[in-house]
Amino acid sequence: MTAVAPPTVHPRDRPVAVFDSGVGGLTVLHELLVQLPHEDYVYLGDTARFPYGGRSTEELEQFTLEIAERLLADRAKLLVVACNTATAAALPALRRRMMDTTLGIDVIGVVRPEAVQAVTATHTGRIGVLATPTTVDSGAYEEAVHAVDPHVSLTSVPCPDLAPIIQGGDPFDEHVVEVVKSYCAPLKEANVDTVILGCTHYPIVRPMLQRFLGGGVTLISSGQALARQVEHALATRDLGNPRADEGDYRFLCTGDVDAFRALGTRFLQMPMGSIERVEMGLPV
Ligand code: DGL
């Protein structure tokens, strides 16, 4: 008996893969669904190992490589790192590894598009960044902003509790308000006119941040610019899905499926369908 070869899927018909430490990357997926609705998407939330924000570069390189291998097995045509911490700490290593694979897929991260937007938006040359401690320590925003304009001054504030508060779905009580106000205080003191939301979770509390920072401050998040970059990457590599109707999306998570569904449905404001729980080999 001769073996029947599996049907080959044209690279254009493969999904765009998006991953994050949790649900924050859904803010990026939302923009992709708005700008590129005809693509298929596979989203992985590494909820079992959330938060990434205090982890070391070595750990994050291991985690992101492991996740990328899993998404490659799903035949992704492009990899979007919708997590600022993973981008800041692990993007160069991940890019090197992905270009080494036989598929040679491209990897797009969230730091650079925000840096370019922020430098374009500021009138005073004073920019603030709110991000996780690992992202701030990496110096990735300084590098990205100063690559565009070395004269811009950057005030970076590590916010260790903000992503866990958002991911936990806690009610916004007095304690939360005080924590968020304390993160905004150094930026008000530095008199910045533009603030980079340097974590994919933060756009979810954008109204609260705008209130505490003041109406005159421009808030920059990565979703829209990143979606444009994905569109460009697909077009120039002839990888855009040619279909006219809407694509499909599916979700993977490493932690509790019900918790992921409850939060994800709230943030994405659409049903999430079936969610597959995947095991990652490296310890939590
Ligand atoms: N998605 C992560 C980021 O953008 C959220 C924070 C975390 O995992 O600690 O940095």
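Residues numbered from 1 in each chain as written. Predicted model: local features only at pLDDT ≥ 70, side-chain atom pairs only at ≥ 80, totals over all residues. Heavy atoms only, no water.

### Observations regarding the sheet that holds strand β7 (residues 194-198)
Reading across the sheet, the four strands line up as β6-β5-β7-β8 and stay open at both edges, with parallel pairing between neighbours. Two strands bound the open sheet, and with one partner strand each, they are β6 (153-158) and β8 (218-220). Averaged over all adjacent pairs, the angle separating strand axes in this sheet is 20 degrees, with direction ignored. Two elements, strand β5 (residues 126-131) and β7, share five bridges in a ladder whose sense is parallel. For valine 129, the partnering residue across the bridge sits in β7 and is isoleucine 196. Where helix α4 (residues 111-121) meets the sheet, it contacts β5, β7 and β8, and its direction lies at approximately 170 degrees from that of β7. (Pairing = 2+ DSSP bridges. Helix = DSSP H or I, 4+ residues; strand = E, 2+ residues; numbered from the N terminus. Axes fitted to C-alpha atoms, helices over the stretch in contact; angles between N-to-C directions. Contact = heavy atoms within 4.5 Å.)

### Section: the UniProt feature "active site" (unreviewed entry) in the chain
The UniProt record annotates "active site" (unreviewed entry) at Cys83 and Cys199. Separation in sequence by 117 residues is not matched in space for these annotated residues, since their most distant C-alpha atoms are only 6.7 Å apart. Assessed through its relative accessible area of 3%, cysteine 83 is described here as buried. Filtering out sequence-adjacent residues up to four positions away, cysteine 83 remains in contact with Phe19, Asp20, Ser21, Tyr52, Val110 and Thr200. Among the structural elements, cysteine 199 can be located in the loop between β7 and α9 (206-213). (UniProt positions renumbered as here; feature names shortened; annotations may be inferred. Buried < 20%, exposed > 50% of the residue type's maximum accessible area, 1.4 Å probe, protein only.)

### Observations regarding unusual backbone geometry
Cis rather than trans, the peptide bond between phenylalanine 50 and proline 51 has omega equal to 0 degrees. Locating proline 51 in the fold gives a position in the loop between β2 (41-45) and α2 (57-73). Non-glycine residue asparagine 191 carries a positive phi angle of around 60 degrees. For asparagine 191, the location among the structural elements is in the loop between α8 (174-189) and β7. Residue class for asparagine 191 comes out partly exposed when judged on its relative accessible area of 49%.

### A look at the site of the ligand
Lining the immediate surroundings of the ligand are 14 residues, of which Asp20, Ser21, Tyr52, Gly53 and Thr85 lie closest. Side-chain polar atom of threonine 85 to an oxygen atom of the ligand: 2.5 Å apart, as the coordinates give it. In terms of residue class, the shell around the ligand is built from six nonpolar, seven polar and one charged. (Near = heavy atom within 4 Å. Polar contact = N/O pair within 3.5 Å; in protein donor to acceptor, adjacent residues only side chain to side chain. Nonpolar A, V, L, I, M, F, W, Y, C, P; charged D, E, K, R; others polar.)

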